[in-house]
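If you want the building blocks of each chain, they are given just below.
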Amino acid sequence: MVSQAMQDYLKAIYKLQREGVPVSTSVLANYLNVSPASVTSMCKKLADLNLLEYEPYQGVRFSKAGEKLALEIVRHHRLLELYLAEALNVPWDKVHEEAEKLEHVLSEDLEDRIAAVLGNPQFDPHGAPIPTRSGDVFQPQSEPLINMGVGDKLVVVEVDDEDAALLRYLGEMSLYPGTNLILLARAPFDGPLTLQVGNNQYDLGYQAAKSIMVAPTK
Ligand SMILES: [Zn+2]
């Protein structure tokens, strides 16, 4: 039996791996805001279920079964976010919190129906790819906005989905996936970035800019 907490661990490991972070006990503890001791004990349980390969003092790695299950939960989460946004008009800063709860109880039948109603979508409202039923993930090329140069013409690919206040802030500037922008200026020492979005100019704080992934437009 894989509990809700176990599913959250698998999802966290998936997310950290995607970001290229070596997933150690302390990284996980920090990310999940729990003690290293509870991470250790949970990772042992997950290893006993053959979902993780876990060596004390080393990182954790998914087994095949563990990765499959993580992708399943991520698929639930992202499909639910899109369904809530599109079918129920839930604002993009609220869908994550709702999906965090519903992802654990979604049946396979309902998952299939939601995917069908949405036309088997590829991306969630924050631009994150929705894994297919068979566990394939199409991750588009993107780079952090903070790495881009002045004058670059860009399109928003993905934004971090976890901070509702940040999403509201980005929404006020229409910084949704698919929005075009030009990086007009950037202040030194991690200062704000000046963006042209449509007819508007905005100064975007560096911390907020860190949560945006972009790609050059052709
Ligand atoms: Zn989310």
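Residues numbered from 1 in each chain as written. Predicted model: local features only at pLDDT ≥ 70, side-chain atom pairs only at ≥ 80, totals over all residues. Heavy atoms only, no water.

Time to look at the overall build of the protein chain. In terms of regular secondary structure, the protein chain is built from 8 helices and 8 strands. Taken against the 2.2 N^0.38 rule, which gives 17 Å for 218 residues, the C-alpha radius of gyration of the protein chain at 19 Å falls within 12% of a compact globule. Taken over the C-alpha atoms alone, the protein chain extends approximately 55 × 45 × 30 Å along its principal axes. For the protein chain, with 218 residues in total, the buried portion stands at 43%. Once local pairs closer than 6 in sequence are excluded, the contacts in the protein chain between residues at least 24 apart make up 60%. With the model as given, the accessible surface of the protein chain reaches about 11,800 Å², and the carbon-plus-sulfur share is 52%. The distance from the centre of the 19 positive side-chain charges to the centre of the 30 negative ones in the protein chain is 2 Å. (Helix = DSSP H or I, 4+ residues; strand = E, 2+ residues; numbered from the N terminus. Rg over C-alpha atoms; globule rule 2.2 N^0.38 Å. Buried < 20%, exposed > 50% of the residue type's maximum accessible area, 1.4 Å probe, protein only. Contact = heavy atoms within 4.5 Å. Areas by Shrake-Rupley, 256 points an atom, 1.4 Å probe, with all protein chains shown as cover. Lys, Arg positive; Asp, Glu negative; His and termini not counted. Charge placed at Lys NZ, Arg CZ, Asp CG, Glu CD.)

Before going further, it helps to examine the pattern of salt bridges. In total, this model carries 14 salt bridges according to the counting rule given. The residue K11 makes a salt bridge to E103 at a minimum N-O spacing of 2.7 Å. Within this pair, whereas K11 is found in helix α1 (residues 4-18), its partner E103 is found in the loop between α5 (95-102) and α6 (108-117), the two being separated by 92 residues in sequence. Judged by relative accessible area, K11 falls into the buried class, the value being 14%. Taken together, the shared-partner salt bridges connect R75, E108, E111, D112 and R133 into one network. (Salt bridge = Lys/Arg side-chain N within 4 Å of Asp/Glu carboxyl O.)

Let us now look at the coordination of the zinc ion. Protein coordination of the zinc ion is provided by H77 (NE2), E81 (OE), H96 (ND1) and D161 (OD), with donor distances spanning 1.9 to 2.1 Å. One can describe the donor arrangement at the zinc ion as tetrahedral, given that its 4 donor atoms subtend angles of 95 to 127° at the metal. (Donors = N, O, S within 2.8 Å, 3.2 Å for Na, K, Ca; no water. Tetrahedral: all angles 85-135°; square planar, octahedral: opposite > 155°, others 65-115°.)

Turning next to the packing of aromatic side chains. Per the counting criterion, the structure on display carries 2 aromatic pairs. Arranged with centres 4.6 Å apart and planes meeting at 65°, the rings of W92 and Y176 form a pair that is edge-to-face. Remark: Y176 occurs in the loop between α7 (164-172) and β5 (180-186) and W92 occurs in the loop between α4 (64-88) and α5; sequence separation between them is 84 residues. (Phe/Tyr/Trp six-rings, centres within 6.5 Å; stacked < 30°, edge-to-face > 60°.)

Our focus in this paragraph is the environment of P121. With respect to the helices and strands, P121 occurs in the loop between α6 and β3 (143-144). Here P121 falls in the buried class, since its relative accessible area comes to 17%. Along the primary structure P121 and P216 are separated by 95 residues, whereas in three dimensions their C-alpha atoms are 23 Å apart. Once residues lying within four places of it in the same chain are set aside, the contact partners of P121 are L79, L82, A115 and I130.

Checked against the element boundaries, A12 lands in helix α1. Each C-alpha atom, one on A12 and one on M1, is 19 Å from the other, the two residues being 11 residues apart in sequence. Once you skip the residues sitting within four places of it in the chain, A12 turns out to touch L28, Y31 and L32.

Split by domain assignment, the protein chain resolves into domain 1 (4-62), domain 2 (71-139) and domain 3 (143-216). Placing the centre of domain 2 and that of domain 3 at their C-alpha centroids yields a distance of 24 Å. In this assembly, 11 residues from domain 2 lie in contact with 13 residues from domain 3. For the pair domain 2 and domain 3, the two sides together bury roughly 920 Å², of which 59% comes from carbon and sulfur. In this assembly, domain 2 and domain 3 are joined by 1 salt bridge. One salt bridge connects R168 with D93, and the closest N-O pair in it is separated by 2.9 Å. Counted by class, the side of domain 2 that touches domain 3 contains 4 nonpolar, 5 polar and 2 charged residues. (Domains from an automatic or database assignment. Buried area = accessible area lost by both parts, 1.4 Å probe. Nonpolar A, V, L, I, M, F, W, Y, C, P; charged D, E, K, R; others polar.)

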